[in-house]
Amino acid sequence: MCRRALPLLLLLLAAPAARAADCTLPAGPGVDWQRCYMDGRAFVGHDLSGARLRETSFQRADLDGAVLTRADAYRARFLTARLRGARLDGAQLGEADFTKADLEGASLAGADLRRARFYHASLRRADLSGARLLGADFLNADLSGARW
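In this numbering scheme, every chain counts its residues from 1 along its sequence in written order. Two thresholds apply to this predicted model, a pLDDT of at least 70 for residue-level local features and 80 or more for giving and counting side-chain atom pairs, whereas whole-chain, interface and lining totals are computed over all residues. Water and hydrogen atoms play no part in the side-chain values, which are based on all heavy atoms of the structure.

A.B. asks: Requested: an account of unusual backbone geometry, with residues and values cited.
C.D. replies: The phi angle at Arg 75 is positive, at roughly 60 degrees, despite the residue not being glycine. Helix numbering and strand numbering both begin at the N terminus, where a helix is a DSSP run of H or I of at least 4 residues and a strand a DSSP run of E of at least 2. Position of Arg 75 relative to the elements: it lies in the segment after helix H1 (2-14). Three labels apply to residues, based on accessible area from a 1.4 Å probe with only protein chains included: buried if under 20% of the type maximum, exposed if over 50%, partly exposed otherwise in between. For Arg 75, a relative accessible area of 38% translates into the label partly exposed. Phi angles above zero are rare outside glycine, and Arg 115 is one such case at about 60 degrees. A relative accessible area of 43% means that Arg 115 is categorised as partly exposed.

A.B. asks: I'd like to hear about the nonpolar core, residue by residue, with values.
C.D. replies: If you look at the biggest cluster of nonpolar residues, it comprises 42 residues, and the most contacted ones within it are Phe 78, Leu 93 and Leu 108. Any two residues having at least one pair of non-hydrogen atoms within 4.5 Å are treated as being in contact. Those residues in contact with Leu 93 that lie beyond four places of it in its chain are Ala 73, Phe 78, Leu 88, Phe 98, Leu 108, Ala 111, Asp 112, Leu 113 and Ala 116. The nonpolar core is taken to be a set of buried Ala, Val, Leu, Ile, Met, Phe, Trp, Tyr and Cys residues, with the residues joined through side-chain atoms within 4.5 Å.

This is the structure we're talking about:
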């Protein structure tokens, strides 16, 4: 039995380890903050385009004017976050939670918003043109002047 297990053990030891996200990296294009906690932090106007933000928490964070184009933020949490004028064009935001978030004037053109939650969120004058919205929940959201 031990002789059969040895090759498997050697294979597992030789395999490259999966690269873990570094939550201490500064904000920038393509940053890997997967599963990080960025709660309450300010990223006003920062460029996070193409960033890896899967399951990252931005609760009460300030992302006003931030650029998150083509970011992968699947299942990210933006509860009560500020994203006024943010650019999320083409971002992967499936199952993301924007409960009570302020997305006034934000651009989500072409974003994947399938099954995302926007409970009580403000999307006033937001651009949702070309966004994938299947199963998205806009319960009590303010969509005044939003572009579809």
